[in-house]
Amino acid sequence: MKAKARAHTNIALIKYWGKADKALKLPLMSSISMTLDAFYTETEFEHDPKISESSFYLNDVKQSPAQSQRVFDYINELQKKYNLDPNENFEIHSYNHVPTSAGLASSASAFAALAACFAKSYQLDLDKTQLSRLARLGSGSATRSIFGGFVEWIKGDNDLNSYAQALNEHPDWDLHMLAVEVNTKQKKISSSKGMELAQHSNYYQDWLKQNDSEIQAMKSAISNHDFSTLGQISENSANEMHAMNLTANPGFTYFEPDTISLINLVHELRNSGIECYYTIDAGPNVKILCTLRNSKKIISAIHNLLGNVKIVNAGFGPGIEYLD
Ligand code: 2P0
């Protein structure tokens, strides 16, 4: 049996940056994200007793055993969870329309798509809440990529109650995110490692205490279409996450010189009346929240500053989709 699914990536406006349970990927905080139309993964999963050896292809390239390990472990975990034959081999073909491991959350769309086609190929008949819990076992941020638009991942405290829900799947809102590629090289500190280190910051526990109020404020901003508040909370959450990294022991940062230049540019643009806000994930790339109306001016200001960098202008993306 085989099945094919497409999942879009998401960018957290309120960040997930720490695990309460590593195996189940239960987060220490709730998070809120925006699913993007421009970045996605399409994956086909086939299981069949006739397949002689399991394999994983990424963009048509067969991955080595080491490169396939995380995906194979994930499939084996799901087979066990649903009492499926663990000796049945499978073949996975994944096409990533996201720069891999560059802070653009490729694991979010990758594991959301994989969870969905796995479930469909075994006819598990899961609803979206269950799918989101399944995606979480692959990668935390994948929990949110089951839904489109604005999404909340409710942190919960066990496997059953930690899942995502749509806040507004089809926002009638001219909100865009400009993803500026500062550097698409593989990052030096993985998200999992970064989250672990950040928890050693003296400020970490105080940061966690603010999570509830940040989530409530963001939900109000979303339901009120209040771009200024949404942008300020997003920028604060990113700054808080990166402050945890800088103040960890040992401290570290994902920022590169161009990351700082873009932060300063956003401040300058805002001071000149062009409203925009930044957010930054586990990498040097910067995403700028703005209205479509202002995006042309912002893109030309970025090119003036950094030359010919790649900028992708993304709007709201949909939730999980089955193909074929
Ligand atoms: C997020 N990030 O909320 C945060 C903000 C990056 C910065 O979730 O270990 O690949 O698989 O749960 O989801 C990226 O980390 O980490 C991430 P795992 P994941 O989007």
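Read on for a plain summary of the structure. (Residues numbered from 1 in each chain as written. Predicted model: local features only at pLDDT ≥ 70, side-chain atom pairs only at ≥ 80, totals over all residues. Heavy atoms only, no water.)

1. Considerations on the pairing of strand β1 (residues 2–14)
Of all 13 residues in β1, 10 are buried; the element is thus mostly enclosed. Here β1 runs beside strand β4 (residues 31–47); their pairing, made up of 11 bridges, is antiparallel. The partner of Lys4 across the bridge, within β4, is Glu44. Sheet topology note: the β1/strand β14 (residues 321–323) ladder contains three bridges and is antiparallel. (Buried < 20%, exposed > 50% of the residue type's maximum accessible area, 1.4 Å probe, protein only. Helix = DSSP H or I, 4+ residues; strand = E, 2+ residues; numbered from the N terminus. Pairing = 2+ DSSP bridges.)

2. A look at the site of the ligand
In the region of the ligand, 18 residues are neighbours, and Tyr16, Lys19, Ser139, Ser141 and Arg144 sit closest. One nitrogen or oxygen atom from the side chain of Ser141 is found 2.7 Å from an oxygen atom belonging to the ligand. Interatomic distance of 3.3 Å between a side-chain N/O atom of Ser191 and an oxygen atom of the ligand. Relative to its free-state accessible area of 470 Å², the ligand is covered by the protein chains to the extent of 94%. Ranked by residues supplied to the shell around the ligand, first place goes to helix α4 (residues 191–198) with three residues. Among the domains, domain 1 (2–172) and domain 2 (176–314) are the pair contributing at least three residues each to the shell around the ligand. (Near = heavy atom within 4 Å. Polar contact = N/O pair within 3.5 Å; in protein donor to acceptor, adjacent residues only side chain to side chain. Areas by Shrake-Rupley, 256 points an atom, 1.4 Å probe, with all protein chains shown as cover. Domains from an automatic or database assignment.)

3. Looking at the nonpolar core
Note that soluble globular proteins tend to have their nonpolar side chains buried in a common cluster. Within the largest apolar cluster, 36 residues are counted, with the highest numbers of intra-cluster contacts made by Phe45, Tyr74, Ile75, Ile92, Leu114 and Phe118. For this core, the elements supplying multiple residues, two or more each, are β1, β5 (55–58), α1 (65–81), β7 (90–97), α2 (106–121) and α3 (128–138). Broken down by element, the residue count for this core peaks at nine residues, all from α2. Those residues within four positions of Tyr74 in sequence are excluded, and the remaining contacts are Phe111, Leu114, Ala115, Leu134, Ala135, Leu137 and Gly138. Counting 25 residues, the second-largest nonpolar core is a separate cluster that includes Leu13, Met34, Met218 and Phe316. (Core = buried A, V, L, I, M, F, W, Y, C linked by side-chain atoms within 4.5 Å. Contact = heavy atoms within 4.5 Å.)

It is worth stressing that arrangement in space is one thing and function is another; only the former is reported here.
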